[in-house]
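Close look at the chain arrangement
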Amino acid sequence: MHELSIAIQIAEIITEEAAKAEALTVTKVILEIGSLSGIEADAIELAVPEAFRNTICENAAVEYHYIKARAVCESCCNEFDPIDHYKICPFCNSLYTSFLKGKELNIKSFDIVKP
Ligand SMILES: [Zn+2]
């Protein structure tokens, strides 16, 4: 499963950072997931607790912040909500558009307990 390998990477990154900070435990993790990131909400929410098991993140409360895609037209400068990866400007039908957000897959923050 695609999401499980991503969740394992997230656990590895946090574990490494927590170790650098000499943390005893991680209490909270906030993840940002864009609607164009290719991540399924149901799958990632199952995969993360699985990946966190037996790591320093095991007891962390995880928040998932889902980010809706947003695009801007470079011809008329209007912003709009793209439908999936289809992003023709709904105002002027231009193809010269770019995504402002929606591709995120970030560890926004995590909280640790220090000795
Ligand atoms: Zn336009």
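The following refers to the structure shown. (Residues numbered from 1 in each chain as written. Predicted model: local features only at pLDDT ≥ 70, side-chain atom pairs only at ≥ 80, totals over all residues. Heavy atoms only, no water.)

1. So, the coordination of the zinc ion
The test is simple: Metal-coordinating donors are taken as N, O and S atoms lying within 2.8 Å of the metal, or within 3.2 Å when the metal is Na, K or Ca; because water is left out, some sites can appear incomplete. Every geometry call rests on angle ranges, with four donors termed tetrahedral when all angles are between 85 and 135 degrees, four termed square planar and six termed octahedral when opposite donors are over 155 degrees apart and all others are between 65 and 115, and everything else termed irregular. To sort residues, take the accessible area from a 1.4 Å probe on protein chains only and compare it with the maximum for the residue type: under 20% means buried, over 50% means exposed, and anything in between is partly exposed.
Taken together, the protein ligands of the zinc ion are Cys73 (SG), Cys76 (SG), Cys89 (SG) and Cys92 (SG), with distances of 2.3 Å. Metal-centred angles of 106 to 117° between the four donor atoms at the zinc ion mark the site as tetrahedral. Binding-site remark: the zinc ion is held by donors from one chain whose sequence spacing is C-x2-C-x12-C-x2-C. Given a relative accessible area of 1%, Cys73 falls into the buried group.

2. Considerations on the sheet that holds strand S2 (residues 61-67)
Where we set the bar: Two strands are counted as paired when DSSP detects at least two bridges linking them. Under the DSSP-based scheme used, a helix requires at least four consecutive residues in state H or I and a strand at least two consecutive residues in state E, with every element numbered from the N terminus. In this analysis an axis means a line fitted to C-alpha atoms, helices contributing only their contacting stretch, and an angle means the value between N-to-C directions, from 0 to 180 degrees.
Pairing is mixed in the open sheet, where three strands are placed in the order S2-S1-S6. Looking at the sheet topology across the chains shown, the edges are occupied by S2 and strand S6 (105-113). Put simply, the sheet's adjacent strands are angled 15° from each other on average, direction ignored. As paired elements, strand S1 (residues 25-34) and S2 share seven bridges and run parallel to each other. Bridging from a neighbouring strand, Ile30 pairs with Glu63 of S2.

3. A look at helix H2 (residues 41-52)
Formally: What a helix is expected to span follows from its residue count: subtract one and scale by 1.5 Å. Note: the arc covers the axis-to-C-beta directions of the helix. Here a residue-residue contact requires only that any non-hydrogen atoms of the pair lie within 4.5 Å.
For H2, spanning twelve residues, the distance from its first C-alpha to its last is 17 Å, which sits close to the expected 16 Å at 1.5 Å a residue. Regarding H2, the residues found buried are Ala43, Ile44, Ala47, Val48, Ala51 and Phe52. The buried residues of H2 occupy one face: seen down the axis, they fall within an arc of 140°. Along H2, the residues that are exposed and aim more than 90 degrees away from the buried face are Asp42 and Leu46. Buried residues along H2 sit in contact with helix H1 (2-20), S1 and S2. Immediately beyond the C-terminal end of H2, within one or two residues, lies Asn54, with a positive phi of roughly 65°.

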